[in-house]
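Residue strings, one per chain:
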Amino acid sequence: MLNEVTVTRYVTPLREGGSLPGLVEGDDLGAYVIKFASAGQGRKTLVAEVVCGELARRLGFRMPRLVTLALDPVLGLGEPEQQVQDLLRGSGGGNLGMDFLSGALGFDPLAFAVSPEEAGRIVWFDALVGNVDRSWRNPNLLVHRGDLWLIDHGATMIWHHNWPAAETSAARPYDASEHALARFAPDIAGAAAELAPHVTEELLAEVTAEIPDAWLADEPGFTDPDDLRRAYARPLLARAATVHERVTGIEERP
Ligand SMILES: Nc1ncnc2c1ncn2[C@@H]1O[C@H](COP(=O)(O)OP(=O)(O)OP(=O)(O)O)[C@@H](O)[C@H]1O
Ligand SMILES: [Mg+2]
């Protein structure tokens, strides 16, 4: 399971995020982006962040380290803003933390060139996990010291909202026409050849083992957290080999 760090100070809200993520300090002196367990998006969003973030890093993508953040609700008492205070007070226990990339800028497709290889790998990965949140309007990519980093995998694996239909839903195509990297001639077939063989049952077991038990408890239709972990792994395993054939909306390279 993810390492746990205790929050020692709430620094500031990060204005851009829809879920009102914040910047906090941990007892290890690290700076983290916190995603609150009590945010309106719900704990499935955090599970998706863990599964996709840990999978991405293991496949070689730059993806900040994830931890769980233990938070004493007392930290909320001094917050002037009601919305922040409510989040802090409602999120005692485990929240998601991500290494804060100091000085990182939001990716701008007009200002930063991406190679067809890198674009292909990212589009392929997003197709695998069904990421609908990497559009040119909201790329959820950061540029840090000249490199592209992936963040924000909360809006992925839509099938986890309806498990009985997960298998059919996981067979669906992926529309990449609005993808932030669609304009960079992504080499999706090349990415598939390189990455798909790494998406094995063993790797997915390792990835899903990182999800905290508390975020998997009491899911209807599942006997225990490990049962649900296997349900997360299955569609990804089934999708990996052929998902590149089902990416639509990208123009063929001349
Ligand atoms: N690890 C990080 N390091 C530096 N800045 C970050 C990091 N993670 C997030 N941010 C900043 O915070 C913003 C919001 O984060 P994120 O996109 O993860 O939140 P969200 O609430 O899920 O957003 P969305 O509105 O896309 O649903 C990002 O756009 C980015 O500017
Ligand atoms: Mg975002």
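Note that the coordinates shown come from a computational prediction; the quantities given were computed from them, not determined experimentally.

Visitor: Account for the overall build of the protein, with residues named and values stated.
Guide: Helix and strand counts for the protein stand at seven helices and ten strands. For a compact globule of 254 residues, the expected C-alpha radius of gyration is about 18 Å, and the protein comes in at 18 Å, within 12% of that figure. Across its three principal axes, the protein shows a C-alpha extent of roughly 60 × 50 × 25 Å. Nonlocal contacts in the protein, meaning residues at least 24 apart in sequence, comprise 72% of its contacts between residues at least 6 apart.

Visitor: How would you sum up the domain arrangement of the protein? Please name residues and give values.
Guide: With domains assigned, the protein is organised as domain 1 (4-99) and domain 2 (105-248). For domain 1 and domain 2, the distance between their C-alpha centroids amounts to 21 Å. If you look at the interface, domain 1 gives 23 residues, while domain 2 gives 24 residues. For the side of domain 1 that touches domain 2, the leading source of residues is helix α1 (residues 43-58), giving 15 residues. Grouping the amino acids of the side of domain 1 that touches domain 2 by side-chain chemistry returns twelve nonpolar, five polar and six charged.

Visitor: Run through the sheet that holds strand β6 (residues 105-106), naming residues and quoting values.
Guide: Here we have three strands laid out as an open sheet, ordered β6-β7-β8, and antiparallel in their pairing. Strand pairing shows two members of the sheet lacking a second neighbour, β6 and β8 (147-150), which therefore form its edges. Inspection of the sheet shows β6 paired to strand β7 (residues 141-144) by two bridges, in the antiparallel sense. Bridge assignment links Gly106 to a residue of β7, and that residue is Leu142.

Visitor: Residue-level account of the environment of Val5, with values.
Guide: Its location among the elements puts Val5 in strand β1 (residues 4-13). By the C-beta count within 10 Å, which is 19 here, Val5 ends up partly exposed. On a C-alpha basis, the gap between Val5 and Trp163 in space is 32 Å, while along the polypeptide they are 158 residues apart. Apart from the residues within four sequence positions on either side, Val5 is in contact with Gly26, Asp27, Asp28, Gly30, Tyr32, Val67, Leu69 and Gly97.

Visitor: Report on the pairing of β7, specifying residues and quantitative values.
Guide: Across four bridges, β7 lies against β8 in antiparallel orientation. Bridged to Leu141 within β8 is Leu150. Between the antiparallel neighbours β7 and β8 lie two residues, among them Arg145 with a positive phi of about 50°.

Visitor: Break down helix α7 (residues 225-240) for me, with residues and values.
Guide: If you check α7, its first and last C-alpha atoms are 23 Å apart, about what 16 residues at 1.5 Å a residue would give, namely 22 Å. Next to the buried residues of α7 lie α1, α3 (116-129), α4 (166-169) and α6 (201-208).

Visitor: Please set out unusual backbone geometry residue by residue, giving values where relevant.
Guide: One non-glycine residue, Asp152, lies in positive phi territory at about 60°. The buried category is assigned to Asp152, around which 27 C-beta atoms lie within 10 Å. Backbone geometry places Asp218, a non-glycine residue, at a positive phi of 60°. Inspection of the secondary structure puts Asp218 in the loop between α6 and α7. Looking at Asp218, the number of C-beta atoms within 10 Å reads 8, which means it is exposed.

Visitor: Residue-level account of the packing of α1 against α6, with values.
Guide: Where α1 contacts α6, the two axes come as close as 9 Å, and the packing angle between them is 130°. Taken together, the axes of α1 and α6 are oblique relative to one another. Here α1 and α6 pass one another in a crossing that is right-handed. Of the residues in α6, those touching α1 at Val51, Glu54, Leu55 and Arg58 are Leu203, Val207 and Thr208. Residues of the contact of α1 with α6, tallied by class, amount to four nonpolar, one polar and two charged.

Conventions and cut-offs
- Residues numbered from 1 in each chain as written.
- Chains lettered and ligands numbered in written order.
- Predicted model: local features only at pLDDT ≥ 70, side-chain atom pairs only at ≥ 80, totals over all residues.
- Helix = DSSP H or I, 4+ residues; strand = E, 2+ residues; numbered from the N terminus.
- Rg over C-alpha atoms; globule rule 2.2 N^0.38 Å.
- Contact = placed C-beta atoms within 7 Å.
- Domains from an automatic or database assignment.
- Nonpolar A, V, L, I, M, F, W, Y, C, P; charged D, E, K, R; others polar.
- Pairing = 2+ DSSP bridges.
- Buried ≥ 20, exposed ≤ 12 C-beta atoms within 10 Å, placed from the backbone.
- Expected span 1.5 Å × (residues − 1).
- Axes fitted to C-alpha atoms, helices over the stretch in contact; angles between N-to-C directions.
- Parallel < 35°, antiparallel > 145°, perpendicular 65-115°, else oblique.
- Left-handed = near helix turned anticlockwise from the far one by under 90°.

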